[in-house]
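Here is what each chain is made of, one letter per residue.
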Amino acid sequence: MKLAGQMPRSERVALNRVNIRDEFWSYYIRLVKDVVVPYQWEALNDRVEGAEPSGAVRNFQIAAGQAQGEYYGLVFQDSDLAKWLEAAAYILEADPNPELAAIADGLIDTMALAQREDGYLNTYYILKEPDKRWTNLTECHELYCAGHLIEAGVAYYRATGKRNLLDIVIKFADYIDSVFGAEPGKLPGYDGHQEIELALVKLYEVTGEERYLRLSQFFLEQRGQKPSFFEEELKRRGGQTHWAGHADHVNLAYHQAHLPVREQETAVGHAVRLLYMLTGMADVAALTGDESMLAACRKLWDNIVDKQMYITGGVGSMPQGEAFSFDYDLPNDTVYSETCASIGLIFFAQRMLRISPDSRYANVMERALYNTVVGGMARDGKHFFYVNPLEVDPKACGGANHKFDHIKTVRQEWFGCACCPPNIARLLASLGEYIYTVQGDTVYAHLYIGGEAELPTSGGKVKLTQTTDYPWGGNVRFEVQPEGEGRFTLALRLPDWCPEASLQVNGEVVELEGALLQDGYIRLARQWCAGDVVELKLAMPVTRMYSHPLVRGNAGKVALQRGPLVYCLEQADNGANLHELVLPREAELHAEYEAELLGGIVTVRTEAVRITGPDWDGGLYSASPRLTEQPATLKFIPYYAWANRGEGEMVVWVRER
C-alpha cells in the first residue's frame, strides 16, 4: 500500500533472500542459532543454574491458567520473551528449524490462552494489578511490551506464513487503537518508553491497515504537548509512583516529552527510548511524507553522532537514567553505553539509509555493530555486557567505589533487567536485513559481509555473491548474476576510515572520481552480464584517532582504529597499571593476524614507554618525583574482544606524547 505523499524508500530485504557465509560473521550467526537462542530459552524458563531468575515464561503460563503462582520480575518482563521470540522468527526465516518452530508455536499457544477477551495482553497487569491498566504509562511500559510483542508477531508471520501470533497482536493492536486517540472518551497518551511507534509501522507494512500507521503517528505527535499527559497522569494517581513511592513532578526530558518531537534538537534523556523514538519517527516521516519530522530526525542524528557518541558507537554516557548528558561529555570509566542503545542506533541508521542512502548512516551502523554490539556478548554466547566501558580498573569496581557500581569487569550470565541479551540475539539473527538496500534500479551495499543475496531491482532480479576478508582485510569481491536485461547501478560504500581505495570491474581499473562518487558511495551504472566481477580494495592502515578538544577525558590521549575496529589495551597482554603507558607519536604501528588468539584476530603491536615510580619515597605527593621511563612493547586487541580472558584492566584511550 502506498500513501499519498510517501517518500521514496527502499523495501525490506527478506532474510530468506540473504545467505551469510562470512569468516567473521558466520561464527556469530551459528552462535545465535545453536547456542544463544537455546540458552536464552533456558534462562527465560529459569533453568540456568546461577543466573538471575527471569520468570518471563512462567508469567505467561500463570496468566494462561497452565501454572499456579504469582507474577515475578520487573514490570516489563514480557518484553524479554517477545524479543526472544522475534530472534527465533528471524532464525526460522533464514533456516527453517522444526524443533525451534515447535517451541515457538507452543509459546504462542500459551500467549493466546493468556490474552484477555478484549485483546489485552500484559502479564503484569493481568496477574498483579488487573484494575490498573493504562494508569501509569509514564513508568510501567505497557505499550513498550505491546510493541515488542507486535514486532515478534510480524517477524513470525514473515518467517513462517503462520498467523497464530500475528492474529494475537492484531487483536491487541485493535484494542489499543480503541483506547488511545484524540477522540472524546479516548486516552490522549503515549508510553514512557518508546517502542510501540516503530512496531505499529511494521504491523501496517504487513497488513496494509492504515489505522496502525496513524496510531503510531498519533503517539509521536502527542509526545511533548501541553498540558503534559505524564503530569496529568501523575495527578490522577495522587503522586503515587511505581518505583519509589511518591513524586510531585515527572522528568519530562528523561522521556523525551519536554518538547514536541519536531522541536527537539539535542539528544537528552534515556538513550534507548530516544533511539527507538527516532526509528519510529523516520518510518512515519517516510510513509507519510512528513518533511518536518524527517528534519527533526536529521538534527538529532547530527547531535548524537557529532557530539554525544563514543568512538565505539556507544551512546548514553550517564549511568543515572541510562541517559545522554550534555554535548562532549564522554567519560570513559563511568560511561554507561548500554548495549541496547547501540542496537537502537543501528535501527535508526538503517531507517535513515532506507530514506537517504548516505554513507554517514552506514558508517555509524558499522561502527556500533563491530564494536559495542558484538562486544556485548562473549564468544561462548552465554555471557553479556549491559554496560560497555572504555576504561576499566577492577579495583574500583564491585563496591569499592560506588560510582562504578554499574561497571562489570566480566560479562554476566543474565540480568534481572535482561533487555540486552535478547536484543543482541534478534539483531544478529536479522543481520541479513542490514547489508543491502534497493531503491529503484540501484543496489546499495552498506556492509561488507560475505554471502549470497537475491535482490529485486526495477530492471529485474540480481544475484550478488560477496566474498571478503573483512574486517581484518579490505578486499571485497562481488560476482554479479543478473536476470533480465541486467541494467542497474551497484553502489558500494566507501568507508570513512579508508584513506585510499581502488576498484576493478572484470580486471579493468575504474578511476574513483567525479560523478562516480556520490554521498559516500561508488556508483557503478552499467549493463551487467552474468559472471561480471567487481573487486574493491580498501586500504586498512592502523590509524591514530583523536577526540574533539572539548572531550575532557581524552585530552592528550590517542586511540587506535584499524578498518571498522576500535582497539584497546588489556592487562592480559600488557600487565597492570595501564595508565602508566605512554605511546610516542612517532612510534610505528604493526598489524599482525594471530589465528589462535580469541578466535583469530588482528592485533597491533608498537613500542612505547611506561612511566613509573618504583623508587618513589616522597609520600602521597612530592616536589621531587622519582619517575623512571622503561621501554614497553604494547599489544592492542579489538575492543569487542576484551574480557574474554578473565578479569583485568582495559583502556581504549592511551596517553600520547
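Residues numbered from 1 in each chain as written. Predicted model: local features only at pLDDT ≥ 70, side-chain atom pairs only at ≥ 80, totals over all residues. Heavy atoms only, no water.

Colleague: Explain the sheet that holds strand E12 (residues 487-493) to me, please; I cannot follow it from the model alone.
Modeller: Consider a sheet: its strands pair through backbone hydrogen bonds, and that pairing is either parallel or antiparallel. Across the sheet, which stays open at both edges, the five strands sit in the order E7-E8-E12-E16-E15 with mixed pairing between neighbours. A strand with exactly one partner marks an edge of an open sheet, and here the two such strands are strand E7 (436-439) and strand E15 (517-518). For strand E8 (residues 442-445) and E12, the ladder comprises four bridges, and the chain directions are parallel. Paired with valine 443 across the bridge in E12 is leucine 490. Running over the sheet, helix H15 (residues 359-375) touches E12 and strand E16 (521-527) and is turned about 50° from E12. (Pairing = 2+ DSSP bridges. Helix = DSSP H or I, 4+ residues; strand = E, 2+ residues; numbered from the N terminus. Contact = heavy atoms within 4.5 Å. Axes fitted to C-alpha atoms, helices over the stretch in contact; angles between N-to-C directions.)

Colleague: Where do I start with the environment of valine 443 in this structure?
Modeller: Of note, valine 443 is situated in strand E8. Residue classification places valine 443 among the buried residues on the basis of a relative accessible area of 0%. Distance from valine 443 to leucine 492, taken between C-alpha atoms, is 8.6 Å for residues 49 residues apart in sequence. Those residues in contact with valine 443 that lie beyond four places of it in its chain are Tyr436, Thr437, Val438, Leu455, Thr457, Val462, Leu464, Phe488, Thr489, Leu490 and Ala491. (Buried < 20%, exposed > 50% of the residue type's maximum accessible area, 1.4 Å probe, protein only.)

Colleague: Any chance you could explain the pattern of salt bridges here in plain terms?
Modeller: If charged atoms from side chains of opposite charge come close, those side chains can pair. Throughout the structure, instances matching the rule amount to 47 salt bridges. Between lysine 33 and aspartate 95 there is a salt bridge, with its nearest N and O atoms 2.2 Å apart. You can see lysine 33 sitting in helix H1 (residues 25-44) and its partner aspartate 95 sitting in the loop between helix H3 (77-94) and helix H4 (98-114), a full 62 residues away along the chain. We classify aspartate 95 as partly exposed; its relative accessible area is 31%. Residue glutamate 232 is joined to lysine 235 by a salt bridge in which the shortest nitrogen-to-oxygen separation is 3.6 Å. (Salt bridge = Lys/Arg side-chain N within 4 Å of Asp/Glu carboxyl O.)

Colleague: Please explain the packing of H1 against H3 as it appears in this structure.
Modeller: Helix-helix packing is characterised by the crossing angle of the two axes and by the distance between the axes. With their axes 11 Å apart at the nearest point, H1 and H3 run at an angle of 155° to one another. Relative to H3, the element H1 lies roughly antiparallel. Considering how the two elements wind past one another, H1 and H3 form a crossing that is left-handed. Facing H1, whose interface residues are Val32, Lys33, Val37, Gln40, Trp41 and Leu44, H3 presents Asp80, Leu81, Trp84, Ala87 and Ile91. The residue makeup of the contact of H1 with H3, split by class, is eight nonpolar, one polar and two charged. (Parallel < 35°, antiparallel > 145°, perpendicular 65-115°, else oblique. Left-handed = near helix turned anticlockwise from the far one by under 90°. Nonpolar A, V, L, I, M, F, W, Y, C, P; charged D, E, K, R; others polar.)

Colleague: Is there a simple way to explain the nonpolar core in this structure?
Modeller: The nonpolar side chains of soluble globular proteins are, as a tendency, buried together. Of all hydrophobic cores here, the largest spans 233 residues; its most connected members are Trp25 and Leu492. Excluding its chain neighbours within four sequence positions, the residues that come into contact with leucine 492 are Ala445, Tyr448, Phe478, Leu503, Gly520, Tyr521, Ile522, Leu524, Val534 and Leu536. (Core = buried A, V, L, I, M, F, W, Y, C linked by side-chain atoms within 4.5 Å.)

Colleague: I keep staring at the sheet that holds strand E9 (residues 451-457) and nothing clicks. Help me out?
Modeller: With antiparallel pairing, the seven strands of this open sheet are ordered in space as E1-E9-E10-E11-E17-E13-E14. The sheet terminates laterally at strand E1 (18-20) and strand E14 (508-510), the two strands that pair on one side only. Taken over all neighbouring pairs, the strand axes of this sheet differ in orientation by 25° on average, direction set aside. Sheet analysis places strand E13 (residues 501-505) next to strand E17 (residues 532-538), joined by five bridges and oriented antiparallel. Within E17, the residue paired with leucine 503 across the bridge is leucine 536.

So far we have only geometry, and geometry alone does not tell us how the molecule works.
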